[in-house]
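What follows is the residue order along each chain.
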Amino acid sequence: MVKRKLKPYLTTCNTLLHGFCKRRKMKEAVDLFEDMPRLGCNPDEVAYRILLNGLLDDLKLEDTTTLLDEMIFKGFHPTSGSISVYGSVNSARECQDAVDCLE
């Protein structure tokens, strides 16, 4: 798309993000997310939520927390979905702490 000098739509970027996250290609997802402003598609709340869920599914807890903080800093108000992601991060951390104690 970019090679053909076509400007991607936000919906296109979000669909690609979702596909990368679903296939656990988190490097590609993060790279696309970071490139979106340069492509003329500033991430919206949907893009943040897609990447948050992907990072959480991949157990990238610190990255998830950082992205959630960035989302709030950029003026996006957490929805119940975003808040549940934050709760899931804390639950995952507690589980990881319990596993670490057993090792």
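Small disclaimer: the values here were computed from a predicted structure and weren't measured.

## Topic: helix α3 (residues 45-57)
Every α-helix winds through 3.6 residues per turn, so residues three or four apart in the chain are directed the same way.
Thought 1: With 13 residues, α3 extends 18 Å from end C-alpha to end C-alpha; this agrees with the ideal 18 Å at 1.5 Å per step.
Thought 2: Three or more residues of α3 are buried, namely Glu45, Ala47, Tyr48, Ile50, Leu51, Leu52, Gly54, Leu55 and Leu56.

## A few points about the nonpolar core
One recurring pattern in soluble globular proteins: nonpolar side chains tend to sit buried together.
Thought 1: Counting residues in hydrophobic clusters, the biggest one holds 19 residues, and the most contacted among them are Leu17, Phe33, Met36, Leu51 and Leu67.
Thought 2: Elements with a minimum of two residues in this core: α1 (10-22), α2 (26-35), α3 and α4 (61-73).
Thought 3: Top contributing element to this core by residue count: α3, with six residues.
Thought 4: For Met36, the residues in contact, after removing those within four places along its chain, are Leu10, Cys13, Asn14, Leu17, Cys41, Asn42, Pro43 and Ala47.

The rules we used
Residues numbered from 1 in each chain as written. Predicted model: local features only at pLDDT ≥ 70, side-chain atom pairs only at ≥ 80, totals over all residues. Heavy atoms only, no water. Helix = DSSP H or I, 4+ residues; strand = E, 2+ residues; numbered from the N terminus. Expected span 1.5 Å × (residues − 1). Buried < 20%, exposed > 50% of the residue type's maximum accessible area, 1.4 Å probe, protein only. Core = buried A, V, L, I, M, F, W, Y, C linked by side-chain atoms within 4.5 Å. Contact = heavy atoms within 4.5 Å.

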